[in-house]
Amino acid sequence: MKRILFLLVALCITVPSFATMQMSERLIVGRDTLSMFAWPLEYVDSTRRVRLDERLKEADVPVNTACWRGYVGCWRLEKGQLWLERVYNCKDESLFTAGELFPEWAEGGRVRASWFSGEICYGRGEAICYERRAVLEKEWTATVEAGKVGLARHFRNRAYKRGVDLQENHLRLCEAFDRLGPTDSLPPFLAFFVHFAADSTGRPVRILQSTLFLARDSILTDPSDPLMQRARRAFMESTRWDACWVHGAWRESYCFLPLRRGSAPWKPRGDTR
């Protein structure tokens, strides 16, 4: 079992971390204050980073697991330029203006984010799902080059509650897998790892990656293998999942489901089916 867990960890190395979600930054666009999921202050040069850390230390800023950086920046997007205006602590208390933090760059109390290049994502509305962050109903993404913000892309994200819980999906998969072929020649242990996406009906629409764990040191990844095809077909036909349409695509998900254990169909304790 330890070997299987090690292989699963290696396989899932690209799976997003499920650490505590971090508080968003603020972005003012016109009269709206939006949530921004980018942290440009983390990219300032080392000299100015030391200055920021010293100012936070002087202010005795409280840190919590939802705000490890210890601050929330307030930014403004104006005429294609990203500006830093003010820095708050995680309790929404004002600490200092951008001009006070970086006086050599100050322009009327605010500072151009000329040190930052990358992508920003910002939005508003209800959270429709959670990944490494909250995914909001309305979001925009834009590329930033030395503080200058390119044309923003707008997305309308949606959630579809069409699924059943994980245990029910697990049972459905096991039953479908056994119906699709003989069971007397199956390995004594069999588990299925799958990276997939589901649509608004709750049905899986595509499998991006799948692995069958057959024994202590044995895995199967070939999609043309008959046993793998049987597992993939059972998964596509039987399971139903909540789905989210995010940034123009169906959100991808991962799950690891035992199929057989000790030469018998997998069943949770207390299940009599």
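Note that the coordinates shown come from a computational prediction; the quantities given were computed from them, not determined experimentally.

(A) Main features of the pairing of strand β9 (residues 134–145). Alignment of strand β8 (residues 118–130) against β9, held across ten bridges, turns out to be antiparallel. Pairing of Gly-118 across the sheet is with Val-144, part of β9. Between β8 and the antiparallel strand that follows it, β9, lie three residues. Pairing of β9 with strand β11 (residues 153–156), which is carried by four bridges, proceeds in the antiparallel orientation. Among the inter-strand pairings, Thr-141 is bridged to a residue of β11, identified as Arg-153. One ladder, built from two bridges, connects β9 with strand β10 (residues 148–149); its direction is antiparallel. Counted as the bridge partner of Val-144 is Val-149 from β10. Linking two consecutive strands that pair antiparallel, namely β9 and β10, is a turn of two residues; a positive phi of about 50° is found at Ala-146 within it.

(B) Expanded view of the state of the cysteines. According to the stated counting rule, one finds one disulfide in the structure shown. Across the disulfide from Cys-67 sits Cys-90; the S-S distance is 2.3 Å. In this structure the cystine formed by Cys-67 and Cys-90 twists about its S-S bond by roughly -70°; its chirality is therefore left-handed. Highlighted residues: Cys-67 in the loop between α2 (46–58) and β3 (72–78) and Cys-90 in the loop between β4 (81–88) and β5 (94–97), separated in sequence by 23 residues. Classification of Cys-90 by relative accessible area gives buried; the value is 11%. Of the cysteine sulfurs around Cys-74, a residue in no disulfide, the closest is that of Cys-67, at 14 Å.

(C) The arrangement of unusual backbone geometry in detail. In this structure, Lys-79 takes a positive phi of about 50° despite not being glycine. With a relative accessible area of 87%, Lys-79 lands in the exposed category. With a phi angle near 70°, Asp-92 is a residue other than glycine that sits in the positive phi range. On the secondary structure map, Asp-92 appears in the loop between β4 and β5. The partly exposed category is assigned to Asp-92, whose relative accessible area is 48%.

(D) Up close: the environment of Ala-159. Within the secondary structure, Ala-159 is located in strand β12 (residues 158–160). Owing to a relative accessible area of 36%, Ala-159 belongs among the partly exposed residues under this scheme. A sequence separation of 84 residues divides Ala-159 from Ala-243, and the C-alpha atoms of the two residues are 6.0 Å apart.

(E) Molecular detail of the sheet that holds strand β16 (residues 243–246). Here we have three strands laid out as an open sheet, ordered β12-β16-β17, and antiparallel in their pairing. The open sheet has two edge strands with one neighbour each: β12 and β17 (249–250).

(F) A look at the sheet that holds strand β13 (residues 190–198). Read across the open sheet, the five strands follow the order β15-β14-β13-β18-β19; overall the sheet is antiparallel. If you trace the sheet from one side to the other, it starts and ends with β15 (218–220) and β19 (264–265), each paired once. Its contacts with the sheet place helix α4 (residues 166–179) against β13, β18 (252–261) and β19, and it is angled at close to 55° to β18. Here helix α5 (residues 226–238) sits on the sheet and contacts β13, β14 (204–215), β15 and β18; the angle it forms with β14, its principal contact strand, is near 135°.

(G) Expanded view of the environment of His-247. Tracing the chain through its elements places His-247 in the loop between β16 and β17. Distance from His-247 to Glu-139, taken between C-alpha atoms, is 8.1 Å for residues 108 residues apart in sequence. Side chain to side chain, His-247 and Glu-139 meet in a polar contact 2.7 Å long.

Criteria and thresholds
Residues numbered from 1 in each chain as written. Predicted model: local features only at pLDDT ≥ 70, side-chain atom pairs only at ≥ 80, totals over all residues. Heavy atoms only, no water. Pairing = 2+ DSSP bridges. Helix = DSSP H or I, 4+ residues; strand = E, 2+ residues; numbered from the N terminus. Disulfide = S-S within 2.5 Å. Buried < 20%, exposed > 50% of the residue type's maximum accessible area, 1.4 Å probe, protein only. Contact = heavy atoms within 4.5 Å. Axes fitted to C-alpha atoms, helices over the stretch in contact; angles between N-to-C directions. Polar contact = N/O pair within 3.5 Å; in protein donor to acceptor, adjacent residues only side chain to side chain.

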